[in-house]
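Fold and contact review
Residues per chain, in single letters:
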Amino acid sequence: MRSRLVVGNWKMQGTVPVIEKLATDLAVAELPSDGEVAVCPGFLHFSLAQRILANSSIVLGAQDCAPEPGLGALTGEVSAEQLLEMGCRYVLIGHSERRTILGETEKTIAQKFKCALSRGLTPILCVGESLEQRNEGLTLSVIKAQVMDVLEEVGIASFGAAVIAYEPVWAIGTGLTATAEQAQEVHAEIRHLLQGRNESIAERIQIIYGGSVKPSNALRLFSMADIDGALVGGASMNAQEFIEICSIL
Ligand code: 13P
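A brief look at the structure comes next. Values in this document were obtained by computation on a predicted structure and should not be read as measured data. (Residues numbered from 1 in each chain as written. Predicted model: local features only at pLDDT ≥ 70, side-chain atom pairs only at ≥ 80, totals over all residues. Heavy atoms only, no water.)

Overview of the overall build of the protein
- Helix and strand counts for the protein come out as 11 helices and eight strands.
- Taking 249 residues into account, the globule formula puts the C-alpha radius of gyration at 18 Å, and the protein, at 17 Å, falls close to it.
- With respect to the three principal axes, the spread of C-alpha positions in the protein is 45 × 45 × 35 Å.
- Looking at the protein residue by residue over its 249 residues, the buried ones come to 54%.
- Looking at the protein alone, contacts between residues at least 24 apart form 71% of all its contacts between residues at least 6 apart.
- Carbon together with sulfur atoms contributes 53% to the accessible area of the protein, which is approximately 11,000 Å² in total.
- Taken as two groups, the 19 positive and 29 negative side-chain charges of the protein have centres that lie 2 Å from each other. (Helix = DSSP H or I, 4+ residues; strand = E, 2+ residues; numbered from the N terminus. Rg over C-alpha atoms; globule rule 2.2 N^0.38 Å. Buried < 20%, exposed > 50% of the residue type's maximum accessible area, 1.4 Å probe, protein only. Contact = heavy atoms within 4.5 Å. Areas by Shrake-Rupley, 256 points an atom, 1.4 Å probe, with all protein chains shown as cover. Lys, Arg positive; Asp, Glu negative; His and termini not counted. Charge placed at Lys NZ, Arg CZ, Asp CG, Glu CD.)

Quick look at the nonpolar core
- The biggest cluster of nonpolar side chains holds 71 residues, and the ones touching the most others in it are L26, F159, I190, L194, Y209 and F222.
- Judged by nonpolar contacts, the second largest core, of 13 residues, contains V7, V163, A165 and I208. (Core = buried A, V, L, I, M, F, W, Y, C linked by side-chain atoms within 4.5 Å.)

Side note on the pairing of strand β7 (residues 206–210)
- Judged by how many residues are buried, β7 sits mostly within the fold: five of five residues are covered.
- Here β7 shows a buried face lined by Q206, I208 and G210 and a second buried face lined by I207 and Y209.
- Judged from the four bridges that link them, strand β6 (residues 163–166) and β7 form a sheet pairing that is parallel. When the bridges of β7 are listed, V163 appears paired with Q206.
- Two strands pair when backbone bridges link them, and β7 and strand β8 (residues 229–232) are joined in this way by two bridges, in the parallel orientation. Bridging from a neighbouring strand, Y209 pairs with A230 of β8. (Pairing = 2+ DSSP bridges.)

Side note on the sheet that holds strand β5 (residues 122–127)
- Strand order in the closed barrel formed by eight strands is β1-β2-β3-β4-β5-β6-β7-β8, with parallel pairing between adjacent strands. Across this sheet, the average inter-strand angle for adjacent strands is 25°, counted without regard to direction.
- Looking at chain direction, strand β2 (residues 35–40) and strand β3 (residues 59–62) are connected through two bridges and run parallel. Opposite V39, over in β3, you have L60 as the bridge partner. (Axes fitted to C-alpha atoms, helices over the stretch in contact; angles between N-to-C directions.)

Below, the structure is given as structure tokens:
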């Protein structure tokens, strides 16, 4: 039985007072003990969130990391080593906003995935198809390619210490959610793909869903066999909604 995971991605949202209030509300919330809850603040708000959440069960994730693991001359970047020092456990890799808006390539994504692992962070590899790709019937082949591009680079063993997030691009921030059945189909396909390389890793890996997850649709999504939790954007900026989603875990 896989454990459940809900991750809040705060993206480039919030000012200091907003983040302070959000983290304070989360720190005192009652959260389920049989799953894990993580939040990913922006780098500037990382230590603020860390301090406020220090005595809670909520763990920290980053939204990105540098393609170099250690310290060095790389202007504007934050490395896995620096994140580890800040008490970070997870790091999102290859979020669709970084792929599409910032032009992050598969090669960079694989490199970042490796860097996170090399410092003991858990990479959350984000994959997802665009609306055009879905309408053209390309969903499964796009997802497979995104997973395989990293897998071929890092090897299947690395997926033993990773999480995969399926986030259809057309469902992110749009209010459109993939139906539980649509999401389950993709999650099952990802697991099947990994099964071909290593049965035990495929069985153990957490595959979480992201894209307009709300308290109103979380139960249905979480009831699917291969959906092991959620990566929540907008609703994670609202403490009450986020706590409600976590309580459904
Ligand atoms: P929304 O929940 O706002 O759709 O965002 C999903 C997401 O991109 C999480 O990483």
